[in-house]
Amino acid sequence: DVKVTQSSRYLVKRTGEKVFLECVQDMDHENMFWYRQDPGLGLRLIYFSYDVKMKEKGDIPEGYSVSREKKERFSLILESASTNQTSMYLCAIQRGGAAGNSYEQYFGPGTRLTVT
Amino acid sequence: LAKTTQPISMDSYEGQEVNITCSHNNIATNDYITWYQQFPSQGPRFIIQGYKTKVTNEVASLFIPADRKSSTLSLPRVSLSDTAVYYCLVVDQPGTYKYIFGTGTRLKVLA
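Let us look at the structure shown here. Fair warning: this is a prediction, and the values are worked out from it, not measured in the lab. (Residues numbered from 1 in each chain as written. Chains lettered and ligands numbered in written order. Predicted model: local features only at pLDDT ≥ 70, side-chain atom pairs only at ≥ 80, totals over all residues. Heavy atoms only, no water.)

Observations concerning the pattern of salt bridges
Residue and element names in this part refer to chain A.
Then comes step 1: Enumeration according to the criterion identifies 7 salt bridges over all chains in this entry.
Then comes step 2: Between Lys18 and Glu79 there is a salt bridge, with the nearest N and O atoms lying 3.5 Å from each other. Pair noted here: Lys18 is in the loop between strand 2 (10–13) and strand 3 (19–25) and Glu79 is in the loop between strand 8 (73–78) and strand 9 (87–94), with a separation of 61 residues, a long-range link.
Then comes step 3: What makes Glu79 partly exposed here is its relative accessible area of 43%.
Then comes step 4: Ionic pairing is found between Asp38 and Arg36, a salt bridge with its closest N-O pair at 2.9 Å.
Then comes step 5: A relative accessible area of 9% means that Arg36 is categorised as buried. (Salt bridge = Lys/Arg side-chain N within 4 Å of Asp/Glu carboxyl O. Helix = DSSP H or I, 4+ residues; strand = E, 2+ residues; numbered from the N terminus. Buried < 20%, exposed > 50% of the residue type's maximum accessible area, 1.4 Å probe, protein only.)

Points about the interface of chain A and chain B
Then comes step 1: Across the boundary between the two partners, chain A contributes 28 residues, which contact 24 residues of chain B.
Then comes step 2: On the surface where chain A and chain B come into contact, there are 0 salt bridges.
Then comes step 3: If you list the elements that add at least two residues to the side of chain A that touches chain B, you get strand 4 (31–38), strand 5 (42–51), strand 9 and strand 10 (105–107) of chain A.
Then comes step 4: Residues of the side of chain A that touches chain B, tallied by class, amount to 12 nonpolar, 12 polar and 4 charged. (Contact = heavy atoms within 4.5 Å. Nonpolar A, V, L, I, M, F, W, Y, C, P; charged D, E, K, R; others polar.)

Focus: the packing of aromatic side chains
Then comes step 1: A complete count under the given rule lists 12 aromatic pairs over all chains for this structure.
Then comes step 2: Summarising the aromatic geometry, the rings of A:Tyr35 and A:Phe107 are spaced 5.7 Å apart at their centres and angled 35° between planes, so their arrangement reads as tilted. With a gap of 72 residues between them, A:Tyr35 in strand 4 and A:Phe107 in strand 10 connect regions that are remote in the sequence. Here the two residues A:Tyr35 and A:Phe107 agree in accessibility, since each one is buried.
Then comes step 3: These aromatic residues form a ring-pair network of at least three members: A:Phe33, A:Tyr35, A:Phe48, A:Phe107, B:Tyr36, B:Phe46, B:Tyr87, B:Tyr99 and B:Phe101. (Phe/Tyr/Trp six-rings, centres within 6.5 Å; stacked < 30°, edge-to-face > 60°.)

Quick look at the nonpolar core
Considering soluble globular proteins, one finds that nonpolar side chains tend to be buried as a cluster.
Then comes step 1: In this structure, B:Trp35, B:Leu73, B:Leu75 and B:Tyr86 are the most contacted members of the largest nonpolar core, which totals 22 residues.
Then comes step 2: Secondary structure elements with two or more residues in this core: strand 3 (18–25), strand 4 (33–38), strand 5 (45–50), strand 7 (61–64), strand 8 (70–75), strand 9 (84–91) and strand 11 (105–110) of chain B.
Then comes step 3: In terms of nonpolar packing, the next biggest core, distinct from the first, is built from 21 residues, A:Val4, A:Ile46, A:Tyr47 and A:Tyr64 among them. (Core = buried A, V, L, I, M, F, W, Y, C linked by side-chain atoms within 4.5 Å.)

A word on the sheet that holds strand 7 of chain B
Residues and elements named next belong to chain B.
Then comes step 1: The strand order 1-3-8-7-6 describes an open sheet built from 5 strands, whose pairing is antiparallel. Either end of the sheet is taken by a strand with one partner, and the two such strands are strand 1 (3–5) and strand 6 (53–56). Within the sheet, the average angular offset between the axes of one strand and its neighbour, ignoring direction, is 20°. (Pairing = 2+ DSSP bridges. Axes fitted to C-alpha atoms, helices over the stretch in contact; angles between N-to-C directions.)

Focus on the side chain of B:Thr72
All names here are of chain B.
Then comes step 1: In this fold, Thr72 is placed in strand 8.
Then comes step 2: Among the polar contacts listed, one links the side chain of Thr72 to the side chain of Thr21, at a separation of 3.0 Å.
Then comes step 3: Excluding anything up to four places from it in sequence, Thr72 contacts Asn19, Ile20, Thr21, Ser61, Leu62 and Phe63. (Polar contact = N/O pair within 3.5 Å; in protein donor to acceptor, adjacent residues only side chain to side chain.)

So this is what it looks like as C-alpha cells:
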C-alpha cells in the first residue's frame, strides 16, 4: 500500500513566521509535488521535484520555496507566512519516466494551515 | 494555457448512472486525460485515465471524443459512498509535469 505522509494534519502559525511542511514517501518514486487547495479554485501546483535537489516552479510559486535533499522527502517552506497562505496543502508522488506517461499520482492526507 | 471547465455540482440517486463532463482546450494531442476522486479530509485518489475513445476499469468509464476538447467520466450505478468531489486533470505543456486540475464537480448521491 502506497504511503505518503505529511508532517501535520493541522497547523496554526502567526504572520511572519517561517513554516516548514514535510512530505515523506515510501514508494521510491522520483516525482514529488506540492499543491494548495482552496474553495472554488481547486488544486493548484506550487512546486514539483523530479529528482534529488531538482525542482521546478508550478503555477503559484510566489512566497514558497522547496527542498529535496533525500529522495523520499520533499519540504515546502513558507519563508514569511502571510494570511493569504491559509489553505490546505497537499503533497503528491508519481512514478518517474518520461512525462506523458501515466499521470497516476498518490496524495498525502493534506495539511490544513491557518495563518493568523 | 490549458483550461478546464466542470459543472460545480450534481445530484443523483442511488443506482443511477452519473456522467460528469470536463471541457478542456489547448491540451496536448498525445497526453492523458485523468480523473480523480476526493472525499472530505483526504487527498485526491486516481480513478481513471485515457488518451482517446473509451477506457473502462472496475470503477468507471471514460469517454473522450476525437477532438479531445472534452471528456466524460461515467460512474455506473452510484451508491451513497460515491458522494465526493471529482476532478479532471490535463497537462498544460506536453512532456512536462505542469498539471492543470479542474475546479471539481461535487457529486451528491441521494438515497
